Amino acid sequence: MHSQSEPENTTPSPARAHPVDEVPPVPRLAILGLQHVVIMYAGAVAVPFIVGSALKLGLDTIALLVNADLLVAGIATIIQAVGVSRVLGVRLPVVAGATFTVVGPMITIAAGHGLPTVYGAMLVSGVFGLLIAKPFAKMIKFFPPLVAGTVIVIIGLSLIGPGAGMIAGHDTSADGYGKLSHIGLGLGVIALIVLFSRLLHGFLGQLAPLLALVSGALASIPLHLFDLSGVRSAGWFGIASPFHFGAPRFDAAAIASMCIVMLVTYAESTADMLAVAEMTGKELTDADIARGLATDGLSAVLGGCMNSFPDTAYAENVGLVQMTGVRSRWVVAVAGCFLLVMGLVPKVGALVAAVPEPVVGGAAVVMFAMVSAVGVQTLRKVEFNGNHNLLIVAVSLGVGLLPAVATDPHGNEVFFKNFPAWAQTVLGSPITLTAILAFTLNLLFNHLRLPAFGSSAASAASPAATGAELPVAGCSPSCARQVALSSHTYFWECPYPGVSAARGGRCGCR
């Protein structure tokens, strides 16, 4: 018999895993993973459809590209979520899918030299991506909240146009553009997401986007938009042989173009990974980013072999993570398994593809806008008084949006159409253009010391802009040099591994 004064058992309980590493029950894993797939599927299959249609490939060949695309996306998604040793995978809830940046260069190269040259260039660009992943990731210290927040905002804003195209139609000059039934479906899905998010709680609340998509699909049946004929004609198993279009050929100009695509993809993926880390509360090191970027490079190598496309982190799934609050990377790993199965079993992929585009577009618009909201949330950490940070954001967003709003009736960028092809690849991407501007302007105003003209210029400079060393709690003088930037974000240069950019005045040394 124990006395009242006897102390209780104080054996420490096991430390709780970070929400990113938690494994939900299997039924939840399956349903939440399927929700990720449904959200990103339309964007994933759009790339092979656009490329195949532009090159006048047969329907059977386009179907082959779709299956290969889903197969590689599934492999890349699983690697991103689970990781492979210290080499691959960011180990965050990041869904990989074919990048739209590759569409223009692929069509141009294939039209002039054929698809074997496209896939030869893709192979080389993938190897190039693997080699530069770590050096590129080192640039993370130049992505403070001022730069990262601006780029995250543009990711969402630049995709609103394609989201509108999914709802109303992709050709604004077509007679059927903007049908009331299509717009009604899209807006109805948006309304249902809001309604379900407000009324449902717990697990059901996390499924609000999927429930809205299912409701929209059911509502489309009387409108004869839910066509299952493709499911009946699709096969149960199918995978293209490697190098289906012939042995790869290598052309210097094509390789250069695809390497530029890889750099653009890296800029986009870096911003998406920063956004996911921000919303999940997971510390992100340059080693983490390097593994995530290396996975994108591997996807290009696989794409070159398997007749597919380079992958990037999908913004709509980033928005889904923010909206549902489901931060487990294992949910995304299950989504990757679904994509893998869909790539091997065309009938399963055809079933998901049967969901009408206006229905998926309604959900996609919400997810895209959610990404921009995360960017705004990130920008809240930036000091805008007594500096030029507001100008940096304004110029970066204003100029970055130009290629997104200046489009032809089919949604293609035309603002830079008279520039050289390589320049169109870089400048035609709102995300890349904004990243370049925000990065450069931040260096110009907050890092470079330029002569000041006028008596008020020197007095207006903030103490942070002088590069003075400031004390920060928890960081000893021997472990780090503390340098303050005018964006009020601090970075440390530590003499040993495990260093990351510290945010909000926290020491980045582990």
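Predicted model, so just to flag it, every value in this text is computed and none were measured.

**A word on the overall build of the protein chain**
If you tally the helices and strands in the protein chain, you get 20 helices and 4 strands. The 510 residues of the protein chain split such that 51% are buried. Within the protein chain, contacts between residues separated by at least 24 positions form 79% of all contacts whose residues are at least 6 apart in sequence. Only carbon and sulfur atoms are counted for the fraction: they give 66% of the accessible area of the protein chain, which is about 22800 Å².

**Here's the deal with the packing of helix H4 (residues 115-137) against helix H11 (residues 286-306)**
At a minimum axis separation of 7 Å, H4 and H11 run at an interaxial angle of 175°. Relative to H11, the element H4 lies roughly antiparallel. Residues Tyr119, Met122, Leu123, Ser125, Gly126, Val127, Leu130, Ala133, Lys134, Phe136 and Ala137 of H4 pack against Asp286, Ile289, Ala290, Leu293, Ala294, Gly297, Leu298, Ala300, Val301, Gly303, Gly304 and Cys305 of H11. Residue composition of the contact of H4 with H11, by class: 16 nonpolar, 5 polar and 2 charged.

**Overview of the packing of aromatic side chains**
Here the structure, examined in full by the defined rule, presents 4 aromatic pairs. On the numbers, 5.5 Å between centres and 70° between planes, the contact of Phe136 with Tyr266 is edge-to-face. You can see Phe136 sitting in helix H4 and its partner Tyr266 sitting in helix H10 (residues 252-280), a full 130 residues away along the chain. Pair check on accessibility: Phe136 and Tyr266 agree, each one buried.

**A short note on the nonpolar core**
With 89 residues, the main nonpolar core has Leu70, Leu92, Met106, Leu284, Ile289 and Phe309 as its most contacted residues. Ranked by residue count, the leading element in this core is H10, at 14 residues. Excluding its chain neighbours within four sequence positions, the residues that come into contact with Leu92 are Val20, Gln80, Ala81, Met273, Val276, Ala277, Thr280, Lys282, Leu284 and Arg329. With 27 residues, the next largest nonpolar core counts Ile39, Leu210, Leu320 and Ala363 among its residues.

**Describing the confidence of the model for the protein chain**
Looking at the protein chain as a whole, the pLDDT averages 78, with 82% of positions reaching at least 70. Counting contacts from residues 457-474, a segment whose pLDDT is below 50, to residues more than four positions away or on other chains yields 24 contacts. In this model residues 476-510 is a low-confidence stretch, pLDDT under 50, and it forms 89 contacts with partners more than four residues away in sequence or in other chains.

**Considering the environment of Ala212**
By secondary structure assignment, the location of Ala212 is in helix H8 (residues 208-220). The spatial distance from the C-alpha of Ala212 to the C-alpha of Ala191 is 8.5 Å, given a sequence separation of 21 residues. Contact partners of Ala212, with chain neighbours within four places excluded, come to Val189, Leu192, Ile193 and Phe196.

**So, the side chain of Ser125**
Tracing the backbone shows Ser125 in helix H4. Contact partners of Ser125, with chain neighbours within four places excluded, come to Met258, Cys259, Met262 and Ala300.

**Some points on a nonpolar patch on the surface**
Taken together, the side chains of Leu391, Val395, Val399, Leu444, Phe445, Leu448 and Leu450 present a nonpolar region at the surface, about 560 Å² in accessible area. Broken down by secondary-structure element, the contributors of at least two residues to the nonpolar patch are helix H16 (389-400) and helix H19 (430-446). Per-element accounting of the nonpolar patch gives the leading share, 3 residues, to H16. For Val395, the location among the structural elements is in helix H16.

**Some points on H10**
With 29 residues, H10 ought to run about 42 Å at 1.5 Å a step, and its terminal C-alpha atoms sit 42 Å apart, in line with that. Along H10, 24 of the 29 residues are buried, which leaves the element largely enclosed by surrounding structure. For H10, the N-terminal cap is Asp251; the gap from its side-chain oxygen to the backbone nitrogen of Ala254 is 3.0 Å. Positive backbone phi, approximately 70°, marks Gly281, located one or two places after H10.

Conventions we followed
- Residues numbered from 1 in each chain as written.
- Predicted model: local features only at pLDDT ≥ 70, side-chain atom pairs only at ≥ 80, totals over all residues.
- Heavy atoms only, no water.
- Helix = DSSP H or I, 4+ residues; strand = E, 2+ residues; numbered from the N terminus.
- Buried < 20%, exposed > 50% of the residue type's maximum accessible area, 1.4 Å probe, protein only.
- Contact = heavy atoms within 4.5 Å.
- Areas by Shrake-Rupley, 256 points an atom, 1.4 Å probe, with all protein chains shown as cover.
- Axes fitted to C-alpha atoms, helices over the stretch in contact; angles between N-to-C directions.
- Parallel < 35°, antiparallel > 145°, perpendicular 65-115°, else oblique.
- Nonpolar A, V, L, I, M, F, W, Y, C, P; charged D, E, K, R; others polar.
- Phe/Tyr/Trp six-rings, centres within 6.5 Å; stacked < 30°, edge-to-face > 60°.
- Core = buried A, V, L, I, M, F, W, Y, C linked by side-chain atoms within 4.5 Å.
- pLDDT = per-residue confidence, 0-100.
- Patch = residues over 30% accessible without salt bridge, like charges linked within 9 Å, V, L, I, M, F, W, Y side chains within 5 Å.
- Salt bridge = Lys/Arg side-chain N within 4 Å of Asp/Glu carboxyl O.
- Expected span 1.5 Å × (residues − 1).
- Polar contact = N/O pair within 3.5 Å; in protein donor to acceptor, adjacent residues only side chain to side chain.

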